[in-house]
Amino acid sequence: MNINLLYQLIERTGNLLRVEQRLAGREFGLQEVHLQVLLYLSLCNRYSNTPAAVTEYLNATKGTVSQSLKVLETKDYITKQPDADDKRVLHLNLTTQGEQVIKETIPSLVFAEAIEGLTSQQVKDIQVNLTLLLTSWQQANKLRSFGVCQTCHFFIKEEKGFRCGLTQEPLSKHDSSRICREHEKRLS
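Residues numbered from 1 in each chain as written. Predicted model: local features only at pLDDT ≥ 70, side-chain atom pairs only at ≥ 80, totals over all residues. Heavy atoms only, no water.

1. A word on the pattern of salt bridges
- Evaluated as defined, the whole model comprises eight salt bridges.
- A salt bridge links E11 to R18; the shortest N-O distance between them is 4.0 Å.
- Take E11: its relative accessible area is 38%, and that puts it in the partly exposed class.
- The exposure class of R18 is partly exposed, given its relative accessible area of 32%. (Salt bridge = Lys/Arg side-chain N within 4 Å of Asp/Glu carboxyl O. Buried < 20%, exposed > 50% of the residue type's maximum accessible area, 1.4 Å probe, protein only.)

Shown next as structure tokens:
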């Protein structure tokens, strides 16, 4: 096993993704971190669309996230909404314009073209192996998994829908298919 080669391949792949994000963001007057925030908000559920969750997911500073959120709100890519029960909590939502930015920039055309050059089995193998690596890496760093709700230990499928076993609140089909800050891997 050549761990250095694996590291170099992942580092180079990550660098290419960052370059493409920087280039794509310029068209909208955005930096790479702004696109990362928008992408996260396009993936997360209602428990995870807060400034604290964005900070944790990106492993960024509160200042970086705060400034990024100001830029995105000024450009009308996100809205901020106080929580109905706890006014100290803000929920961040993509606007139609924010959704359009994600649709036009992620994945990049070059990335999509590169993937199209692979077989469906190759793509599946890459997805499985990158998921294993990501999970292992998150565990080694003691980071939250931000996994999809339906794969969570707390996810409950009921006769009339879904429920979060942690909060005991009903889940919409939309929320249950999104990533969640509170995700804990389901025990086999």
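The discussion continues.
2. Considerations on unusual backbone geometry
- Backbone torsion omega between I106 and P107 reads -5°, so that peptide bond is classified as cis.
- Mapped onto the secondary structure, P107 falls in the loop between α5 (96–105) and α6 (109–116).
- Its identity is not glycine, yet N59 carries a phi of approximately 55°, on the positive side.
- Note on placement: N59 falls in the loop between α3 (51–58) and α4 (62–74).
- The class of N59 is exposed, set by a relative accessible area of 65%. (Helix = DSSP H or I, 4+ residues; strand = E, 2+ residues; numbered from the N terminus.)

3. Description of the packing of helix α1 (residues 3–26) against helix α2 (residues 32–43)
- Closest axis-to-axis distance for the α1/α2 pair is 8 Å, and the angle between their directions is 95°. With respect to α2, the element α1 is oriented roughly perpendicular. Every residue of α2 that contacts α1 at R18, Q21, R22, A24 and G25 is listed here: E32, L35 and Q36.
- Taken together, the residues of the contact of α1 with α2 break down into two nonpolar, three polar and three charged. (Axes fitted to C-alpha atoms, helices over the stretch in contact; angles between N-to-C directions. Parallel < 35°, antiparallel > 145°, perpendicular 65-115°, else oblique. Contact = heavy atoms within 4.5 Å. Nonpolar A, V, L, I, M, F, W, Y, C, P; charged D, E, K, R; others polar.)

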